Amino acid sequence: MVHKPVLVEEVIDNLNLQSGDVVVDCTVGAGGHSLKMLQHIAPAGRLIGIDQDRDILKIASENLKHYKDNIDLLYGNFKDIDSLLKSIGIKRVDAVLYDLGVSSLQLDTPERGFSFKSDGPLDMRMDKAAAISAFDLVNNLPRYELRKILSRYGQERYAGKIANLIVEKRKIAPIESTAVLSHIAAEAYPYRARFTRIHPATRIFQALRIAVNSELDNLETSLDKAVNILNTQGRLGVIAFHSLEDRIIKNTFKRYASEQLVKIITKKPIRPENKEIADNPRARSARLRVAEKVKV
Ligand code: SAH
(Lines give C-alpha, C1' and ligand atoms only; values in the text may rest on other atoms or scores of the structure.)
Protein backbone atom coordinates (compact mmCIF):
# COMPACT_ATOMS: atom_id res chain seq x y z
CA MET A 1 0.00 0.00 0.00
CA VAL A 2 2.63 2.52 -0.96
CA HIS A 3 1.66 5.58 -2.93
CA LYS A 4 4.11 6.33 -5.70
CA PRO A 5 4.08 10.02 -6.54
CA VAL A 6 3.37 10.78 -10.18
CA LEU A 7 5.44 13.06 -12.47
CA VAL A 8 7.71 14.09 -9.59
CA GLU A 9 10.70 15.12 -11.67
CA GLU A 10 8.45 17.02 -14.05
CA VAL A 11 6.82 18.86 -11.14
CA ILE A 12 10.18 19.86 -9.74
CA ASP A 13 11.54 20.93 -13.15
CA ASN A 14 8.53 23.14 -13.78
CA LEU A 15 7.79 24.73 -10.42
CA ASN A 16 11.06 26.63 -10.51
CA LEU A 17 11.68 26.25 -6.79
CA GLN A 18 14.39 28.24 -5.03
CA SER A 19 15.97 27.71 -1.68
CA GLY A 20 13.93 29.62 0.91
CA ASP A 21 10.64 29.48 -1.02
CA VAL A 22 7.26 29.14 0.65
CA VAL A 23 5.21 26.49 -1.12
CA VAL A 24 1.81 24.85 -0.70
CA ASP A 25 1.07 21.22 -1.47
CA CYS A 26 -2.73 21.26 -1.61
CA THR A 27 -2.92 17.45 -1.72
CA VAL A 28 -0.07 16.38 0.50
CA GLY A 29 -1.21 12.73 0.73
CA ALA A 30 1.68 10.54 1.84
CA GLY A 31 4.07 13.40 1.10
CA GLY A 32 5.79 12.11 -2.04
CA HIS A 33 5.81 15.43 -3.90
CA SER A 34 6.27 17.40 -0.70
CA LEU A 35 9.45 15.53 0.15
CA LYS A 36 10.99 16.43 -3.22
CA MET A 37 9.88 20.03 -2.94
CA LEU A 38 11.37 20.27 0.55
CA GLN A 39 14.71 19.07 -0.77
CA HIS A 40 14.71 22.08 -3.11
CA ILE A 41 13.54 24.77 -0.70
CA ALA A 42 15.43 23.65 2.44
CA PRO A 43 16.99 24.69 4.73
CA ALA A 44 15.17 28.03 4.94
CA GLY A 45 12.02 27.19 2.96
CA ARG A 46 8.62 26.38 4.29
CA LEU A 47 6.05 23.91 2.99
CA ILE A 48 2.40 23.92 3.89
CA GLY A 49 0.74 20.57 3.24
CA ILE A 50 -3.03 20.39 3.11
CA ASP A 51 -5.20 17.27 3.11
CA GLN A 52 -8.80 16.58 3.95
CA ASP A 53 -7.99 13.06 5.09
CA ARG A 54 -6.83 13.10 8.71
CA ASP A 55 -5.44 9.56 8.55
CA ILE A 56 -3.22 10.46 5.63
CA LEU A 57 -1.82 13.51 7.40
CA LYS A 58 -0.39 11.20 10.06
CA ILE A 59 1.44 9.31 7.34
CA ALA A 60 2.66 12.56 5.77
CA SER A 61 3.95 13.71 9.11
CA GLU A 62 5.92 10.49 9.53
CA ASN A 63 7.29 10.54 5.98
CA LEU A 64 8.34 14.19 6.21
CA LYS A 65 9.68 14.15 9.76
CA HIS A 66 13.21 14.93 8.59
CA TYR A 67 11.88 18.37 7.62
CA LYS A 68 9.57 18.83 10.60
CA ASP A 69 10.86 22.37 11.22
CA ASN A 70 10.03 23.38 7.67
CA ILE A 71 6.47 22.10 7.44
CA ASP A 72 2.96 22.89 8.53
CA LEU A 73 0.48 20.10 7.92
CA LEU A 74 -3.09 21.36 7.86
CA TYR A 75 -6.26 19.31 7.92
CA GLY A 76 -8.82 20.90 5.65
CA ASN A 77 -10.21 21.26 2.18
CA PHE A 78 -8.10 23.02 -0.42
CA LYS A 79 -11.15 25.05 -1.41
CA ASP A 80 -10.39 26.95 1.83
CA ILE A 81 -6.72 27.51 0.96
CA ASP A 82 -7.03 31.23 1.76
CA SER A 83 -8.34 30.82 5.29
CA LEU A 84 -6.08 27.83 5.98
CA LEU A 85 -3.02 29.90 5.11
CA LYS A 86 -4.33 32.87 7.00
CA SER A 87 -4.70 30.70 10.11
CA ILE A 88 -0.90 30.32 10.16
CA GLY A 89 -0.18 33.90 9.13
CA ILE A 90 0.79 33.32 5.50
CA LYS A 91 -0.34 35.78 2.85
CA ARG A 92 1.75 34.99 -0.23
CA VAL A 93 3.51 31.93 -1.56
CA ASP A 94 5.96 30.98 -4.31
CA ALA A 95 4.34 27.80 -5.60
CA VAL A 96 1.12 25.83 -5.30
CA LEU A 97 0.76 22.19 -6.31
CA TYR A 98 -2.31 19.98 -6.74
CA ASP A 99 -2.07 16.23 -7.36
CA LEU A 100 -5.76 15.52 -7.72
CA GLY A 101 -7.90 12.53 -6.90
CA VAL A 102 -7.46 9.84 -4.31
CA SER A 103 -4.22 8.31 -3.16
CA SER A 104 -3.40 4.63 -3.49
CA LEU A 105 -3.61 4.45 0.29
CA GLN A 106 -7.27 5.44 0.13
CA LEU A 107 -8.01 3.33 -2.92
CA ASP A 108 -6.47 0.22 -1.39
CA THR A 109 -8.35 0.47 1.91
CA PRO A 110 -11.61 -1.43 1.26
CA GLU A 111 -13.40 0.18 4.25
CA ARG A 112 -13.13 3.55 2.49
CA GLY A 113 -15.33 2.26 -0.31
CA PHE A 114 -13.41 3.86 -3.21
CA SER A 115 -12.77 0.71 -5.19
CA PHE A 116 -14.98 -1.84 -6.88
CA LYS A 117 -12.03 -4.21 -6.91
CA SER A 118 -12.58 -5.14 -3.27
CA ASP A 119 -15.78 -5.26 -1.25
CA GLY A 120 -16.46 -2.50 1.26
CA PRO A 121 -19.13 -0.10 2.42
CA LEU A 122 -20.32 2.47 -0.12
CA ASP A 123 -18.54 5.43 1.38
CA MET A 124 -16.03 7.33 -0.85
CA ARG A 125 -15.66 10.33 1.45
CA MET A 126 -12.08 11.61 1.41
CA ASP A 127 -12.93 13.54 4.55
CA LYS A 128 -14.47 11.11 7.01
CA ALA A 129 -16.19 14.01 8.74
CA ALA A 130 -18.15 14.95 5.61
CA ALA A 131 -21.91 14.60 5.83
CA ILE A 132 -22.74 12.80 2.58
CA SER A 133 -21.40 9.43 1.46
CA ALA A 134 -21.88 7.41 -1.71
CA PHE A 135 -24.43 5.32 0.19
CA ASP A 136 -26.59 8.43 0.68
CA LEU A 137 -26.44 9.38 -2.99
CA VAL A 138 -27.09 5.90 -4.33
CA ASN A 139 -29.96 5.21 -1.97
CA ASN A 140 -31.67 8.60 -1.81
CA LEU A 141 -31.19 10.61 -4.98
CA PRO A 142 -34.07 10.74 -7.41
CA ARG A 143 -33.52 8.72 -10.57
CA TYR A 144 -32.91 11.74 -12.82
CA GLU A 145 -30.22 13.10 -10.50
CA LEU A 146 -28.44 9.78 -10.37
CA ARG A 147 -28.56 9.65 -14.11
CA LYS A 148 -27.19 13.16 -14.37
CA ILE A 149 -24.28 12.41 -12.04
CA LEU A 150 -23.39 9.21 -13.87
CA SER A 151 -23.51 10.82 -17.24
CA ARG A 152 -21.89 14.13 -16.35
CA TYR A 153 -19.13 12.98 -14.02
CA GLY A 154 -18.69 9.46 -15.36
CA GLN A 155 -19.38 10.20 -19.03
CA GLU A 156 -21.21 6.92 -18.72
CA ARG A 157 -22.99 5.84 -21.86
CA TYR A 158 -25.47 3.63 -20.00
CA ALA A 159 -26.21 6.16 -17.25
CA GLY A 160 -29.98 5.91 -17.76
CA LYS A 161 -30.02 2.12 -17.64
CA ILE A 162 -27.85 2.04 -14.52
CA ALA A 163 -29.92 4.70 -12.74
CA ASN A 164 -33.08 2.73 -13.52
CA LEU A 165 -31.63 -0.49 -12.18
CA ILE A 166 -30.33 1.23 -9.01
CA VAL A 167 -33.80 2.60 -8.31
CA GLU A 168 -35.37 -0.80 -8.90
CA LYS A 169 -32.92 -2.64 -6.65
CA ARG A 170 -32.99 -0.17 -3.79
CA LYS A 171 -36.76 -0.63 -3.50
CA ILE A 172 -36.03 -4.20 -2.42
CA ALA A 173 -33.10 -3.46 -0.10
CA PRO A 174 -30.64 -0.59 0.43
CA ILE A 175 -27.52 -0.80 -1.72
CA GLU A 176 -24.82 -0.99 0.90
CA SER A 177 -21.61 -2.26 -0.59
CA THR A 178 -19.19 -1.59 -3.42
CA ALA A 179 -19.63 -5.18 -4.61
CA VAL A 180 -23.40 -4.88 -4.90
CA LEU A 181 -23.14 -1.60 -6.81
CA SER A 182 -20.51 -3.06 -9.07
CA HIS A 183 -22.80 -6.02 -9.88
CA ILE A 184 -25.65 -3.64 -10.64
CA ALA A 185 -23.44 -1.78 -13.09
CA ALA A 186 -22.53 -5.00 -14.86
CA GLU A 187 -26.15 -6.13 -14.96
CA ALA A 188 -27.30 -2.82 -16.44
CA TYR A 189 -24.74 -3.02 -19.23
CA PRO A 190 -25.79 -4.72 -22.43
CA TYR A 191 -24.37 -8.25 -22.41
CA ARG A 192 -21.83 -7.60 -25.19
CA ALA A 193 -20.39 -4.57 -23.36
CA ARG A 194 -19.88 -6.31 -20.02
CA PHE A 195 -16.58 -7.98 -20.65
CA THR A 196 -14.49 -5.22 -22.19
CA ARG A 197 -11.14 -3.99 -20.89
CA ILE A 198 -12.78 -1.37 -18.72
CA HIS A 199 -15.03 -2.79 -16.01
CA PRO A 200 -18.63 -1.51 -16.21
CA ALA A 201 -18.33 -0.11 -12.67
CA THR A 202 -15.32 2.10 -13.47
CA ARG A 203 -17.20 5.18 -14.59
CA ILE A 204 -19.89 4.93 -11.95
CA PHE A 205 -17.32 4.83 -9.21
CA GLN A 206 -15.52 7.82 -10.71
CA ALA A 207 -18.80 9.72 -11.01
CA LEU A 208 -19.93 9.02 -7.45
CA ARG A 209 -16.55 9.90 -6.02
CA ILE A 210 -16.56 13.24 -7.81
CA ALA A 211 -20.09 13.94 -6.56
CA VAL A 212 -19.50 12.82 -2.97
CA ASN A 213 -16.41 14.99 -2.66
CA SER A 214 -17.62 17.92 -4.85
CA GLU A 215 -14.30 17.52 -6.59
CA LEU A 216 -14.80 19.79 -9.59
CA ASP A 217 -16.42 22.65 -7.66
CA ASN A 218 -13.69 22.54 -5.04
CA LEU A 219 -11.01 22.61 -7.69
CA GLU A 220 -12.47 25.69 -9.39
CA THR A 221 -12.92 27.53 -6.11
CA SER A 222 -9.42 26.69 -4.98
CA LEU A 223 -7.62 27.63 -8.21
CA ASP A 224 -9.14 31.12 -8.12
CA LYS A 225 -7.83 31.59 -4.61
CA ALA A 226 -4.43 30.02 -5.30
CA VAL A 227 -3.72 32.29 -8.26
CA ASN A 228 -4.36 35.28 -6.03
CA ILE A 229 -1.97 34.30 -3.29
CA LEU A 230 0.94 33.55 -5.63
CA ASN A 231 3.90 35.92 -5.71
CA THR A 232 4.97 37.35 -9.06
CA GLN A 233 6.78 34.55 -10.93
CA GLY A 234 5.30 32.03 -8.53
CA ARG A 235 4.09 28.86 -10.19
CA LEU A 236 0.88 26.91 -10.08
CA GLY A 237 1.05 23.22 -10.99
CA VAL A 238 -1.89 20.86 -11.31
CA ILE A 239 -1.89 17.13 -12.06
CA ALA A 240 -5.22 15.85 -13.37
CA PHE A 241 -6.27 12.24 -13.80
CA HIS A 242 -9.26 12.48 -16.09
CA SER A 243 -10.49 14.68 -18.86
CA LEU A 244 -13.13 16.52 -16.83
CA GLU A 245 -10.50 17.79 -14.43
CA ASP A 246 -8.04 18.53 -17.17
CA ARG A 247 -10.58 20.55 -19.13
CA ILE A 248 -11.31 22.71 -16.08
CA ILE A 249 -7.61 23.35 -15.54
CA LYS A 250 -6.97 24.13 -19.19
CA ASN A 251 -9.87 26.57 -19.42
CA THR A 252 -9.13 28.18 -16.09
CA PHE A 253 -5.49 28.76 -17.07
CA LYS A 254 -6.64 30.24 -20.39
CA ARG A 255 -8.94 32.61 -18.57
CA TYR A 256 -6.16 33.69 -16.20
CA ALA A 257 -3.86 34.24 -19.18
CA SER A 258 -6.47 36.38 -20.94
CA GLU A 259 -6.77 38.44 -17.76
CA GLN A 260 -2.97 38.82 -17.75
CA LEU A 261 -2.77 37.09 -14.41
CA VAL A 262 -0.53 34.26 -15.59
CA LYS A 263 1.67 33.05 -18.39
CA ILE A 264 1.00 29.44 -19.37
CA ILE A 265 4.20 27.40 -19.11
CA THR A 266 2.88 24.13 -20.52
CA LYS A 267 1.21 24.76 -23.88
CA LYS A 268 0.39 21.08 -23.90
CA PRO A 269 0.05 19.07 -20.70
CA ILE A 270 3.07 17.07 -19.61
CA ARG A 271 2.48 13.32 -19.71
CA PRO A 272 4.49 10.64 -17.94
CA GLU A 273 7.12 8.74 -19.86
CA ASN A 274 6.39 5.12 -20.75
CA LYS A 275 8.88 3.98 -18.15
CA GLU A 276 6.94 5.69 -15.38
CA ILE A 277 3.66 4.21 -16.61
CA ALA A 278 5.22 0.75 -16.62
CA ASP A 279 6.39 1.29 -13.02
CA ASN A 280 3.19 2.87 -11.81
CA PRO A 281 -0.08 2.17 -13.63
CA ARG A 282 -1.76 5.06 -11.76
CA ALA A 283 0.42 7.43 -13.81
CA ARG A 284 -1.23 6.31 -17.05
CA SER A 285 -3.80 9.09 -17.22
CA ALA A 286 -1.81 11.82 -15.43
CA ARG A 287 -1.45 15.25 -17.05
CA LEU A 288 0.48 18.14 -15.54
CA ARG A 289 -0.23 21.78 -16.41
CA VAL A 290 1.79 24.70 -15.07
CA ALA A 291 1.19 28.46 -15.11
CA GLU A 292 3.33 31.33 -13.83
CA LYS A 293 1.94 34.37 -12.05
CA VAL A 294 2.65 37.50 -14.04
CA LYS A 295 1.99 40.27 -11.59
CA VAL A 296 0.57 40.59 -8.11
N1 SAH B 1 0.99 13.90 -3.92
C2 SAH B 1 0.64 12.95 -2.89
C3 SAH B 1 -0.58 12.11 -3.24
C4 SAH B 1 -1.83 12.88 -3.38
S5 SAH B 1 -3.23 11.88 -3.60
C6 SAH B 1 1.83 12.06 -2.63
O7 SAH B 1 2.82 12.15 -3.34
O8 SAH B 1 1.79 11.25 -1.70
C9 SAH B 1 -4.45 13.09 -3.39
C10 SAH B 1 -4.67 13.52 -1.96
O11 SAH B 1 -5.42 14.73 -2.03
C12 SAH B 1 -5.47 12.57 -1.12
O13 SAH B 1 -4.79 12.32 0.08
C14 SAH B 1 -6.79 13.31 -0.86
O15 SAH B 1 -7.30 13.08 0.44
C16 SAH B 1 -6.38 14.74 -1.02
N17 SAH B 1 -7.43 15.62 -1.50
C18 SAH B 1 -8.21 15.47 -2.59
N19 SAH B 1 -9.06 16.50 -2.71
C20 SAH B 1 -8.81 17.35 -1.68
C21 SAH B 1 -9.37 18.59 -1.26
N22 SAH B 1 -10.38 19.16 -1.92
N23 SAH B 1 -8.84 19.18 -0.17
C24 SAH B 1 -7.82 18.60 0.52
N25 SAH B 1 -7.28 17.42 0.19
C26 SAH B 1 -7.75 16.79 -0.91
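The structure presented is a predicted model; accordingly, all values stated were derived computationally and were not measured.

## A closer look at the packing of aromatic side chains
Throughout the structure, instances matching the rule amount to three aromatic pairs. Their ring planes at 70 degrees and their centres at 5.4 Å tell us that phenylalanine 116 and phenylalanine 205 sit as a pair that is edge-to-face. On the criterion of sequence distance, the pair formed by phenylalanine 116 in the loop between helix H5 (104–107) and helix H6 (134–140) and phenylalanine 205 in helix H10 (residues 202–212) is long-range, its members being 89 residues apart. Across the pair, phenylalanine 205 and phenylalanine 116 agree in class, each one buried. When the ring centre of tyrosine 75 is taken as reference, the NZ or CZ atom of arginine 54 above it lies at 3.7 Å.

## Notes on the pattern of salt bridges
When the charged atoms of two side chains lie near each other, side chains of opposite charge can form a pair. Inspection of every chain in the model, using the stated rule, returns 18 salt bridges. Where aspartate 82 meets lysine 225, a salt bridge forms, and the shortest distance between an N and an O atom there is 3.2 Å. With aspartate 82 in helix H4 (residues 81–87) and lysine 225 in helix H11 (residues 215–229), this pair connects stretches of sequence that are 143 residues apart. Assessed through its relative accessible area of 34%, aspartate 82 is described here as partly exposed. Each of Asp55, Lys58 and Lys128 takes part in one network of salt bridges that share partners.

## Description of the domain arrangement of the protein chain
You can read the domains of the protein chain as domain 1 (8–105 + 215–293) and domain 2 (110–213). Summarising the inter-unit geometry, the C-alpha centres of domain 1 and domain 2 are found 29 Å apart. Contacts between the two partners involve 13 residues from domain 1, matched on the other side by 13 residues from domain 2. Viewed at the interface, domain 2 and domain 1 are joined by three salt bridges. Between lysine 128 and aspartate 55 there is a salt bridge, with its nearest N and O atoms 2.7 Å apart. There are seven residue pairs in polar contact (both at pLDDT 80 or more) connecting domain 1 and domain 2. Listed by contribution, the elements that provide at least two residues to the side of domain 1 that touches domain 2 are H11 and helix H12 (243–258).

## Details of H10
Quick reminder: α-helices carry 3.6 residues per turn. Residues three or four places apart thus point the same way. Counting buried positions along H10 yields eight of eleven residues, so the element is predominantly enclosed. Turning to H10, its buried residues are Ile204, Phe205, Ala207, Leu208, Arg209, Ile210, Ala211 and Val212. Packing partners of the buried residues in H10 comprise H6, helix H7 (143–154), helix H8 (159–172), helix H9 (178–188), H11 and H12. Among the residues trailing H10, serine 214 stands out with phi positive, at a value near 45 degrees.

## Comments concerning the sheet that holds strand S7 (residues 287–293)
The seven strands are arranged S3-S2-S1-S4-S5-S7-S6 in an open sheet whose pairing can be described as mixed. With one partner strand each, in any of the chains shown, strand S3 (71–75) and strand S6 (262–264) form the two edges of the open sheet. The mean inter-strand angle of the sheet, taken between neighbouring strand axes irrespective of direction, is 15 degrees. Strand direction decides the pairing type here: strand S2 (residues 46–51) and S3, joined by five bridges, are parallel. Across the sheet, aspartate 51 pairs through a bridge with tyrosine 75, a residue of S3. Of the strands in this sheet, strand S5 (230–240), S6 and S7 are in contact with H12, which crosses S7 at around 20 degrees.

## With respect to unusual backbone geometry
In this model, alanine 42 is joined to proline 43 through a cis peptide bond whose omega is 5 degrees. Positionally, proline 43 belongs in the loop between helix H2 (32–41) and S2. Phi angles above zero are rare outside glycine, and serine 214 is one such case at about 45 degrees. Along the polypeptide, serine 214 turns up in the loop between H10 and H11. Residue class for serine 214 comes out partly exposed when judged on its relative accessible area of 33%.

## Comments concerning the packing of H9 against H10
Running from N to C, H9 and H10 point in directions that differ by 125 degrees, and their axes come no closer than 9 Å. Classified by the angle between their axes, H9 and H10 sit oblique to one another. Two packed elements cross with a definite hand, and for H9 against H10 that hand is right-handed. On H10, the residues touching Thr178, Leu181, Ser182 and Ala185 of H9 are Ile204, Phe205 and Leu208. The class makeup of the residues in the contact of H9 with H10 is five nonpolar, two polar and no charged.

The rules behind the values
- Residues numbered from 1 in each chain as written.
- Predicted model: local features only at pLDDT ≥ 70, side-chain atom pairs only at ≥ 80, totals over all residues.
- Heavy atoms only, no water.
- Phe/Tyr/Trp six-rings, centres within 6.5 Å; stacked < 30°, edge-to-face > 60°.
- Helix = DSSP H or I, 4+ residues; strand = E, 2+ residues; numbered from the N terminus.
- Buried < 20%, exposed > 50% of the residue type's maximum accessible area, 1.4 Å probe, protein only.
- Lys NZ or Arg CZ within 6 Å of the ring centre and 35° of its normal.
- Salt bridge = Lys/Arg side-chain N within 4 Å of Asp/Glu carboxyl O.
- Domains from an automatic or database assignment.
- Contact = heavy atoms within 4.5 Å.
- Polar contact = N/O pair within 3.5 Å; in protein donor to acceptor, adjacent residues only side chain to side chain.
- Pairing = 2+ DSSP bridges.
- Axes fitted to C-alpha atoms, helices over the stretch in contact; angles between N-to-C directions.
- Parallel < 35°, antiparallel > 145°, perpendicular 65-115°, else oblique.
- Left-handed = near helix turned anticlockwise from the far one by under 90°.
- Nonpolar A, V, L, I, M, F, W, Y, C, P; charged D, E, K, R; others polar.

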